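Residue-level structure breakdown
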Amino acid sequence: MTVHLERATLTSGVPVMHTVQGDRVRAAYDPRQIEEAAALAWLCIQMPSLVRRGFQVEYATV
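Read on for an overview of the structure.

The rules behind these values
- Residues numbered from 1 in each chain as written.
- Predicted model: local features only at pLDDT ≥ 70, side-chain atom pairs only at ≥ 80, totals over all residues.
- Heavy atoms only, no water.
- Pairing = 2+ DSSP bridges.
- Helix = DSSP H or I, 4+ residues; strand = E, 2+ residues; numbered from the N terminus.
- Axes fitted to C-alpha atoms, helices over the stretch in contact; angles between N-to-C directions.
- Buried < 20%, exposed > 50% of the residue type's maximum accessible area, 1.4 Å probe, protein only.

The next point concerns the sheet that holds strand β4 (residues 56-59). Strand order in the open sheet made by the four strands is β2-β3-β1-β4, with mixed pairing throughout. Strands at the two margins of the open sheet, each flanked by one partner only, are β2 (16-21) and β4. Averaged over neighbouring strand pairs, the angle between their axes works out to 25° when direction is ignored. Note that strand β1 (residues 2-7) and β4 share four bridges and pair parallel. Each bridged residue has a counterpart across the sheet, and for H4 the counterpart in β4 is E58.

This is the structure we're talking about:
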């Protein structure tokens, strides 16, 4: 699986958002609220299949 990770300004209290599109997970995290490593850990808890299947992180470029 591939996690497409980007930084974004999210609503207070919502540090991470994600959507699943087949084998691709699009995720955004707000660095004002959570660190990148914690955001990835949160995704692994929310989607245990990431841990079982393994995943690669792609970073958004602006």
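A few words on the environment of S12. By the secondary structure assignment, S12 is in the loop between β1 and β2. Take S12: its relative accessible area is 71%, and that puts it in the exposed class.

Side-chain positions along a regular strand alternate between the two faces of the sheet. Inspection of the sheet shows β1 paired to strand β3 (residues 24-29) by six bridges, in the parallel sense. If you follow V3 over to β3, its bridge partner there is V25. The antiparallel pairing of β2 with β3 creates a hairpin that spans two residues between the two strands, and G22 there sits at a positive phi of about 65°.

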